[in-house]
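# Coordinate inspection notes
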Amino acid sequence: MGSKPLFYAYIALGSNMGDRERFLQDAIRQLDTHEEIAVSGRSGIYETEPVGVVDQDPFLNMVIEVETSLSAQALFDVMVRIELELGRTRELRWGPRTLDLDLLLYQDTVQDDPFLILPHPRMLERAFVMVPLVEVMQERGAEQAAFMAAHLEQLDGKEGVILWKKI
Ligand SMILES: Nc1ncnc2c1ncn2[C@@H]1O[C@H](COP(=O)(O)OP(=O)(O)OP(=O)(O)O)[C@@H](O)[C@H]1O
Ligand SMILES: Nc1nc2c(c(=O)[nH]1)N=C(CO)CN2
């Protein structure tokens, strides 16, 4: 990534259609292949109950940490392109999807552009995001790990209950 400054970001991945694990692994590989993105940490993969539209198959969810020289918007653009390439269907909000990529955090950026809100506006309510996020942050010794862990305790598994940790 040359001599450009590097930024940290956390990305949530979810899939509940087709070969779910394959979609997650392919998305990670595509992100890591980008010359300005390096995947620097990953959580385990969790199977979780669907939140929102509950009458759908369980999800696999995980969170990765990336180092990037891209801006938040440029990183998000890459994520959207990967979602489209891996064939995500977008018919129903909170409905089934082959691959969903959400940008949770980009450094300590706070912004409310409706196309890219940071931190992700619903992350603190979702066990399927917070459990793997805390796991990867603690592993990486990230600055905000303790803050996120405190939020996780308050969550008490209300939304997106973890069914089991797969890997
Ligand atoms: N931090 C963010 N990460 C991902 N999408 C975001 C973010 N901030 C705003 N958005 C916007 O949210 C919109 C809806 O995203 P998406 O289709 O992934 O929703 P969803 O996955 O069904 O639900 P949710 O947003 O609750 O996860 C997109 O148009 C996207 O631009
Ligand atoms: N368990 C779980 N439920 C969801 C998920 C998800 O990733 N995991 N994604 C949704 C749309 O963002 C809606 N509901």
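Our subject is the structure that appears above.
So, here's what we can say about the structure.

About the criteria used
- Residues numbered from 1 in each chain as written.
- Chains lettered and ligands numbered in written order.
- Predicted model: local features only at pLDDT ≥ 70, side-chain atom pairs only at ≥ 80, totals over all residues.
- Heavy atoms only, no water.
- Helix = DSSP H or I, 4+ residues; strand = E, 2+ residues; numbered from the N terminus.
- Buried < 20%, exposed > 50% of the residue type's maximum accessible area, 1.4 Å probe, protein only.
- Contact = heavy atoms within 4.5 Å.
- Near = heavy atom within 4 Å.
- Polar contact = N/O pair within 3.5 Å; in protein donor to acceptor, adjacent residues only side chain to side chain.
- Areas by Shrake-Rupley, 256 points an atom, 1.4 Å probe, with all protein chains shown as cover.
- Nonpolar A, V, L, I, M, F, W, Y, C, P; charged D, E, K, R; others polar.
- Expected span 1.5 Å × (residues − 1).
- Salt bridge = Lys/Arg side-chain N within 4 Å of Asp/Glu carboxyl O.
- 1 Å grid on protein atoms, 1.4 Å probe; cavity = no way out; pocket = protein on both sides within 12 Å on 5 of 7 lines; lining within 4 Å.
- Points joined across faces, edges and corners; volume = space filled by probe spheres on them.
- Core = buried A, V, L, I, M, F, W, Y, C linked by side-chain atoms within 4.5 Å.
- Axes fitted to C-alpha atoms, helices over the stretch in contact; angles between N-to-C directions.
- Parallel < 35°, antiparallel > 145°, perpendicular 65-115°, else oblique.
- Left-handed = near helix turned anticlockwise from the far one by under 90°.

## Some thoughts on the overall build of the protein chain
Along the backbone of the protein chain there are four helices and eight strands. Element order for the protein chain, N to C, with α for helix and β for strand: β-α-β-β-β-α-β-β-β-α-α-β. The buried share of the protein chain, reckoned over its 167 residues, is 49%. Once local pairs closer than 6 in sequence are excluded, the contacts in the protein chain between residues at least 24 apart make up 71%.

## Quick word on the site of ligand 2
Taken together, ten residues lie near ligand 2, and Thr48, Glu49, Val51, Asn61 and Asp100 sit nearest. Threonine 48 places a polar side-chain atom, nitrogen or oxygen, 2.8 Å from a nitrogen atom of ligand 2. Surface burial for ligand 2 is 95%, taken as the share of its 330 Å² of free accessible area covered by protein chains. For the shell around ligand 2, the class distribution of residues is five nonpolar, two polar and three charged.

## Description of helix 1 (residues 20-33)
Look at helix 1: 20 Å from first C-alpha to last across 14 residues, which is about the 20 Å you get at 1.5 Å a residue. Buried within helix 1 are the following residues: Arg20, Phe23, Leu24, Asp26, Ala27, Ile28 and Leu31. Buried residues in helix 1 make contact with strand 1 (7-15), strand 2 (37-42), strand 3 (46-48), strand 4 (59-68), helix 2 (72-85) and strand 5 (100-106).

## Things to note about the pattern of salt bridges
Overall, the coordinates contain six salt bridges when judged by the stated rule. Note that aspartate 26 is salt-bridged to arginine 29, the shortest N-O span being 3.2 Å. Pair noted here: aspartate 26 and arginine 29 are both in helix 1, with a separation of three residues, about one helical turn. Each of Arg22, Asp26 and Arg29 takes part in a single network of salt bridges with overlapping partners.

## Some remarks on the layout of surface pockets
Space inside the second largest pocket adds up to approximately 180 Å³. Residue lining of the second largest pocket: Tyr8, Tyr10, Leu105, Gln107, Asp108, Arg140, Gly141, Ala142, Glu143 and Gln144, and that is the complete set. In terms of residue class, the lining of the second largest pocket is made up of four nonpolar, three polar and three charged.

## With respect to the nonpolar core
It is characteristic of soluble globular proteins that their nonpolar side chains tend to be buried jointly. Counting residues in each nonpolar core, the largest one holds 29 residues, and the members touching the most others are Ile11, Leu13, Leu31, Ile64, Leu75 and Leu103. Those elements that provide at least two residues to this core are strand 1, helix 1, strand 2, strand 4, helix 2, strand 5 and strand 7 (116-118). Discounting chain neighbours no more than four positions away, the residues touching leucine 103 are Ala9, Tyr10, Ile11, Ala72, Leu75, Phe76, Met79, Leu116, Leu118 and His120.

## Observations regarding the packing of helix 3 (residues 127-140) against helix 4 (residues 145-155)
Put simply, helix 3 and helix 4 touch, their axes get as near as 9 Å, and they point 150 degrees apart. The pairing of helix 3 with helix 4 is recorded here as roughly antiparallel in orientation. In terms of crossing hand, the pair formed by helix 3 and helix 4 is left-handed. Across the interface between the two elements, Ala127, Met130, Val131, Leu133, Val134, Met137 and Gln138 from helix 3 touch Ala145, Met148, Ala149, His151, Leu152 and Leu155 from helix 4. When the residues that make up the contact of helix 3 with helix 4 are grouped by side-chain class, the tally is eleven nonpolar, two polar and no charged.

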